[in-house]
Each structure stands twice: as C-alpha cells, then as structure tokens.
Amino acid sequence: MQPFVVQLTSLAPGTNHFAWHAGAEFFETFGNVEILDADLEVTARVVSHGLTAEVSCDIAGTVTVACDRCLEDLVLPVETSFEESYTPESDELDLGQDVYDYACISLPLQRMHPDGECNQETTKYLSI
C-alpha cells in the first residue's frame, strides 16, 4: 500500500486508524526544494459512509528549511490538523496532497532563527 492511500473497500465498519511517516522524500515527490529534511508523523481517522468518507488527520513533527537570514539549516516545528469529507471517485482515497498542503501552509512566511542564533559569519555582512 502506498503511503497516505486508504483502500476504502477494505475498511472495517466504524472508525479506522492509520499512521504514516513523511520524510524529505515525501516533499521531493511534490517538487518542493525548500524543505531540506522532514520528520513528520501523520495519523488519520477514517470513517467510510459508502459514498463518502470522513477524515480527521493530525500532522506533527519537524521540517528543516534554510534560514531566510543566514541560509543555515533551521528546524521548524509542525503541528496541524484537518478534517475533510471526501466523495472518492474510486476505491482508493489518496490523502497525500492534503497532507502536503496542510504541512506547507503551517510553516511561517518568514523562516529565521531567533535573534542571535544565526550564523554570525554570514550576518556580519548584513545591515540588521
């Protein structure tokens, strides 16, 4: 089974639980070069109602990006969740795009180390 893909035809009645890991390779499949590394745990609760599926998903962990100020690695926490109702067109429900989107929009627009923690060799050339 592919990560983030739920086989709807094999779901047990009631609530079904799934857990996946998303690393840097997950973001690479979407062509994202800003995320240098990732360690995300994704848990989903899926309830199938025949023609629809209700999903509640939690995403937690860290991603590594380049600091906007000094360009050194910056580890950012990620903690987000989403709830969606889907009407799948097949017997598979692929949550990969939603996991990617919610992880990315949870990141701050400005990605910088806290004051004083940037690489001083780089920041000495900046007028900040």
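Above this text you will find the structure in question.
Quantities reported herein were computed from a predicted structural model and do not represent experimental measurements.

S.K.: Honestly, the overall build of the protein chain in this entry has me stumped. Any pointers?
M.R.: What the protein chain contains, in helices and strands, is three helices and six strands. When the helices and strands of the protein chain are read in sequence order from the N terminus, they spell out β-β-α-β-β-β-β-α-α. When the backbone C-alpha atoms are referred to their principal axes, the protein chain occupies close to 60 × 20 × 20 Å. Residue pairs at least 24 apart in sequence account for 59% of intrachain contacts in the protein chain once pairs closer than 6 positions are excluded. Carbon and sulfur atoms make up 49% of the accessible area of the protein chain, which totals about 7,800 Å². Across the protein chain, the centroid of the 4 positively charged side chains sits 14 Å from that of the 23 negatively charged ones.

S.K.: Whenever I open this one, the pattern of salt bridges confuses me. Can you help?
M.R.: Two side chains carrying opposite charge are able to pair once their charged atoms lie near each other. In this structure the tally under the stated criterion is two salt bridges. Taking the shortest distance from any N to any O, the salt bridge between E34 and R111 comes out at 3.0 Å. A residue pair is termed long-range when its members are at least 10 positions apart, and E34 in the loop between α1 (24–28) and β3 (37–48) and R111 in the loop between α2 (96–105) and α3 (120–123) qualify at 77 residues. Overall, the relative accessible area of 14% leaves R111 in the buried class.

S.K.: Looking at this structure, how should I read the packing of aromatic side chains?
M.R.: Aromatic rings considered in pairs are described by the distance between their centres and by the relative angle of their planes. Here the structure, examined in full by the defined rule, presents eight aromatic pairs. Pairing F82 with Y102 gives two aromatic rings, centres 4.5 Å apart and planes at 15°, and the pair type is stacked. Within this pair, whereas F82 is found in strand β5 (residues 73–86), its partner Y102 is found in helix α2, the two being separated by 20 residues in sequence. Overall, F82 belongs to the buried group, its relative accessible area being 3%. The exposure class assigned to Y102 is partly exposed, which follows from its relative accessible area of 23%. Put simply, the rings of F4, F18, W20, F26, F27, F30 and Y100 touch in pairs and so form one group of aromatic residues.

S.K.: How should the nonpolar core be read in this particular structure?
M.R.: Burial of nonpolar side chains together is a common tendency in soluble globular proteins. Counting residues in each nonpolar core, the largest one holds 36 residues, and the members touching the most others are V6, F27, V63, L95 and V99. Elements represented by at least two residues in this core include exactly β2 (15–23), α1, β3, β4 (53–66), β5 and α2. When residues of this core are assigned to their parent elements, the largest contribution, six residues, is made by β4. Setting aside chain neighbours within four positions, we find V6 in contact with L11, F18, W20, V46, D91, E92, L93 and L95.

S.K.: Can you walk me through the state of the cysteines in this structure?
M.R.: One way to say it: the disulfide is the covalent bond shared by the sulfur atoms of two cysteines. Here the structure, examined in full by the defined rule, presents zero disulfides. With no disulfide of its own, C57 has C104 as its nearest cysteine by sulfur position, at a separation of 14 Å.

S.K.: Before we go on, may I ask you to explain the side chain of T64 in this structure?
M.R.: The topology assignment puts T64 in strand β4. With near-sequence residues (within four places) excluded, T64 lies in contact with E34, I35, L36, D37, D73, L74 and V75.

S.K.: Would you take a moment to explain the environment of H21 for this structure?
M.R.: In this structure, H21 sits in strand β2. Look at H21 and you get partly exposed, because its relative accessible area is 40%. Other than its neighbours up to four places away in sequence, H21 contacts F4, A38, D39, L40 and E41. For H21, the side chain forms a polar contact with the side chain of D39, separated by 2.7 Å.

Rules behind the numbers
Residues numbered from 1 in each chain as written. Predicted model: local features only at pLDDT ≥ 70, side-chain atom pairs only at ≥ 80, totals over all residues. Heavy atoms only, no water. Helix = DSSP H or I, 4+ residues; strand = E, 2+ residues; numbered from the N terminus. Contact = heavy atoms within 4.5 Å. Areas by Shrake-Rupley, 256 points an atom, 1.4 Å probe, with all protein chains shown as cover. Lys, Arg positive; Asp, Glu negative; His and termini not counted. Charge placed at Lys NZ, Arg CZ, Asp CG, Glu CD. Salt bridge = Lys/Arg side-chain N within 4 Å of Asp/Glu carboxyl O. Buried < 20%, exposed > 50% of the residue type's maximum accessible area, 1.4 Å probe, protein only. Phe/Tyr/Trp six-rings, centres within 6.5 Å; stacked < 30°, edge-to-face > 60°. Core = buried A, V, L, I, M, F, W, Y, C linked by side-chain atoms within 4.5 Å. Disulfide = S-S within 2.5 Å. Polar contact = N/O pair within 3.5 Å; in protein donor to acceptor, adjacent residues only side chain to side chain.

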